[in-house]
Amino acid sequence: MKRHINKVAVIGSGIMGSGIACHFANIGVEVLLLDIVPRELSDKEKAKGLTLENKIVRNRLVNDSLTTALKSKPSPIYHKKFAERITTGNLEDDIAKVGDADWIIEVVVERLDIKKQVFENLEKHRKSGTLITSNTSGIPIKFMSEGRSDDFQKHFCGTHFFNPARYLKLFEIIPGPKTSKEVLDFLNGYGEQFLGKTSVVAKDTPAFIGNRIGIFSIQSLFHAVKDLEMTVEEVDKLTGPVIGRPKSATFRTVDVVGLDTLVHVANGIHENCTDDERLELFQLPDFIKTMVDNKWLGSKSGQGFYKKVKGENGKSEILTLDLDTMDYRSKKSAKFATLELTKTIDKVVDRFAVLTSGKDKAGEFYRKSFGALFAYVSHRIPEISDDLYKIDDAMKAGFGWEHGPFQIWDAVGLEKGLEFIQAENLEAASWVNEMKEAGINSFYSVKDGATYYYDIPKKTMEKVPGQDAFIILDNIRKSNEVFKNSGLVIEDLGDGILNVEFQSKMNTIGGDVLAGLNKAVDIAEKDFQGLVVGNQAANFSVGANIGMIFMMAVEQEYDELNMAIKYFQDTMMRMRYSSIPTISAPHGMCLGGGCELTLHADKVVAAAESYIGLVEFGVGVIPGGGGSKEMALRASDTFRKNDVELNVLQEYFLTIGMAKVSTSAYEAYDLGILQKGKDVVVVNKDRQIATAKAYAKLMAEAGYTKPPKRTDVKVLGKQALGMFLVGTDSMEAGHYISEHDKKIADKLAYVMAGGDLSEASYVSEQYLLDLEREAFLSLCTERKTLERIQHMLKTGKPLRN
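Before going further, it helps to spend a moment on the overall build of the chain. When helices and strands are counted, the chain shows 33 helices and 25 strands. In terms of overall size, the chain behaves like a compact globule, its C-alpha atoms giving a radius of gyration of 28 Å where 801 residues would be expected to give roughly 28 Å. Principal-axis analysis of the C-alpha atoms places the extent of the chain at approximately 80 × 70 × 65 Å. For the chain, buried positions account for 55% of its 801 residues. Contacts in the chain between residues far apart in sequence, at least 24 positions, make up 69% of those at least 6 positions apart. If you sum the accessible surface of the chain, you get close to 34900 Å²; carbon and sulfur atoms cover 51% of it. On the chain, the mean spot of the 101 positive side-chain charges and the mean spot of the 110 negative ones are 2 Å from each other.

Turning our attention to the sheet that holds strand β4 (residues 103-106). With mixed pairing, the eight strands of this open sheet are ordered in space as β3-β2-β1-β4-β5-β6-β7-β8. Strands with a single pairing partner mark the edges of an open sheet, and in this sheet they are β3 (86-90) and β8 (198-201). Strand-to-strand twist across the sheet, computed as the mean angle between neighbouring axes with direction ignored, equals 25 degrees. Examined bridge by bridge, strand β6 (residues 156-161) and strand β7 (residues 170-175) share five bridges and lie antiparallel to one another. Within the sheet, the bridge partner assigned to T159 lies in β7 and is I173.

In this model, helix α32 (residues 765-780) (16 residues) spans 23 Å end to end at C-alpha, consistent with the 22 Å of a helix rising 1.5 Å per residue. Buried residues of α32: E765, L768, L769, L771, E772, R773, A775, F776, L777, L779 and C780, and no others.

The full count for this structure, using the stated rule, is zero disulfides. With no disulfide partner, C595 has as its closest neighbouring cysteine sulfur the one in C590, 5.5 Å distant. The class of C595 is buried, set by a relative accessible area of 0%. Looking at the unpaired C780, the closest cysteine sulfur is the one in C595, lying at 19 Å.

It is worth spelling out the pairing of strand β21 (residues 603-607) at this point. Where burial is concerned, most of β21 is hidden: five out of the five residues are buried. Residues K603, V605 and A607 of β21 are buried on one face, and the alternating residues V604 and A606, pointing to the opposite face, are buried as well. Where strand β19 (residues 582-584) and β21 come together, two bridges link them in parallel fashion. Paired with S584 across the two strands is V604, which belongs to β21. Pairing geometry for β21 and strand β23 (residues 680-682), over three bridges, is parallel. Each residue of the ladder has a partner; that of V605, found in β23, is V680.

This part takes up the pairing of strand β9 (residues 306-310). In the sheet, β9 pairs with strand β10 (residues 316-321) via five bridges, with the strands oriented antiparallel. Its bridge partner being in β10, Y306 is matched across the sheet by T320. In this antiparallel pair of consecutive strands, β9 and β10, the connection spans five residues, and G314 shows a positive phi of 90 degrees.

What follows deals with the packing of aromatic side chains. Scanning the entire structure with this criterion turns up 35 aromatic pairs. Ring geometry for F119 against F152: centres 5.8 Å apart, planes inclined by 75 degrees, an arrangement best described as edge-to-face. Of this pair, F119 sits in helix α5 (residues 112-123) while F152 is found in helix α7 (residues 150-154), placing the two residues 33 residues apart along the sequence. You'll find F119 and F152 in the same group, each marked buried. In this structure, R245 is placed above the aromatic ring of W401, and the distance from its NZ or CZ to the ring centre is 3.5 Å.

Criteria and thresholds
- Residues numbered from 1 in each chain as written.
- Predicted model: local features only at pLDDT ≥ 70, side-chain atom pairs only at ≥ 80, totals over all residues.
- Heavy atoms only, no water.
- Helix = DSSP H or I, 4+ residues; strand = E, 2+ residues; numbered from the N terminus.
- Rg over C-alpha atoms; globule rule 2.2 N^0.38 Å.
- Buried < 20%, exposed > 50% of the residue type's maximum accessible area, 1.4 Å probe, protein only.
- Contact = heavy atoms within 4.5 Å.
- Areas by Shrake-Rupley, 256 points an atom, 1.4 Å probe, with all protein chains shown as cover.
- Lys, Arg positive; Asp, Glu negative; His and termini not counted.
- Charge placed at Lys NZ, Arg CZ, Asp CG, Glu CD.
- Pairing = 2+ DSSP bridges.
- Axes fitted to C-alpha atoms, helices over the stretch in contact; angles between N-to-C directions.
- Expected span 1.5 Å × (residues − 1).
- Disulfide = S-S within 2.5 Å.
- Phe/Tyr/Trp six-rings, centres within 6.5 Å; stacked < 30°, edge-to-face > 60°.
- Lys NZ or Arg CZ within 6 Å of the ring centre and 35° of its normal.

Quick look at the structure:
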């Protein structure tokens, strides 16, 4: 049976339930969100004279929960309009409506008795064949469906989303005793293709896969921190971005999630996994017990491992908990010689060998923690999963690790990993030694662009399932390389399509990247059919290389700077005016020059989690790589006979002037950066390059022809310029902007108005590009602009002067 999910019912509107409801709304699904009826009136309801029978009262809990979720940051919703896809109700008046749902998801309190009662009520109204799942994070699935009908049990399983549902990719699917294979296969595919998740089928064991390994890793650090006499800051320094983990690292992550949540899961594992060979690690150290007793639970209670206070001068300060004295103190810096050795190693995977070879406390820490982790994950097979890649997938998608445990083990080497294990007086599972004796020295390998893993029962390398819909650039970079320089690699994606993959720091766009883009167009026009610009780093591009701009400006090399900006502009125009289709595939941060490149591609295939904007105002300049021109052009294309053209132009002006950045790809449509009917959004970033390639191929096969250059851009001249200048004058007079802000805004106004033309006129793109470049260069002569650029280079943050 081919299933379609058009309507989902979510039962329970707490943080998790509302988040799940929002994410289904994100992908276009109609959602029914239900919760219980309040048993007493609030003070506000009493004051209004409402009764318990009033619909507003009866739906208060669900409506308040959803409203709170929609106001939270980061937002659970891609676009505020998407919330209109969610209908709320209560479990007494509206439960019959679940009969219209294609999938019912239970997200109520973690108590088996309550869940079973909910399922009993739902079965009275659920239509046969409807999927019904629980978002439990630990209650055994087999207990929840007891006493239900065969049809219910056949279509029932666990579907564990991680919080926040929009941002964390792990989607654990836990079969019950009678769950049909069809249901598991459907959910596995739906989670990946539609929800944008990494779907992992887990066994029905306590904490499943992600939390079992994740909580072990944290508990292991809790116990090791005292043994190694390490501070909270030191552990967070060693377990953050340097090893491909989130900035919040370990202790800050616990503060955000809530210590009580972690303790609950750890206690559950300790009570229910009595055969676990590391059971003692799930006991709580004394300092954790003290924190729980004191209700130092993290952000929710105002203090945890860190505490934010205001000093006598009114400035905020972050204090750190001293684990020896259990008092808060000022933060201490954490420095290690081993970390210094990795500063020149850009790829995280290449750092592990260096980090674990360190002669200082950091090296010892890594050897101990990885040794314990490697041993533990080896023994969890086949208990929690039959396949090692599922453990890696779960940790990457659920905990934000760039590399899973077995991938890290491969990075340090199988033999080294075994040495780390032995040094901790631990043993790896027998299958690891059997693998080694069979002459297989890694858990993964790459063949013909596909990833293979060691299949333990078969004792052979098998292809990881489900990757045929993806293009993994790491797997093809060497074998399919067409051209490479210091800034990028051009790869052959097959079927006549090339890909340009930036490789500069933070994927900034400098001279080498621009040269590579031009080379890519040359090669594609000669021997290929289309060109994709995409990568699989954390961010698409944070913009132009402002360090290069700063050096030229400081040295007053204005002719060279003029040539560099013109080269940037010409390259962007080449992206638009070539004989092959060009596709930009932005994701993560796509700022400044990265946004300008995206604006000039023939089509954009954006990941839903794309944060796109022209942010040049923050460093004291206007967009100089065609961005200012392009916003004027798009305003012109939006003009209609009945529109007030000045208002339209003002909206595009403010997009640049306020350095607006979309919080999702869907918001980028509102900013005029993405264009409806032309550009598309993909929810699963893993599919992005393959989707972009498909569109490039489609456009080429449809007979793509180089478009003629535009000479019909309508600009409004003095009429618009006057309006903008009056506006910036009043903003400065009201102290909303600085004198330098006004100068930047006036330069932008001059460009977007088309100069001081006496009347509305039609101009070419090149005319606007020349105005843009002249304005950009003049701002680079300003001392305050150089101060802003220097501040950005030092701190990564904009300066208002």
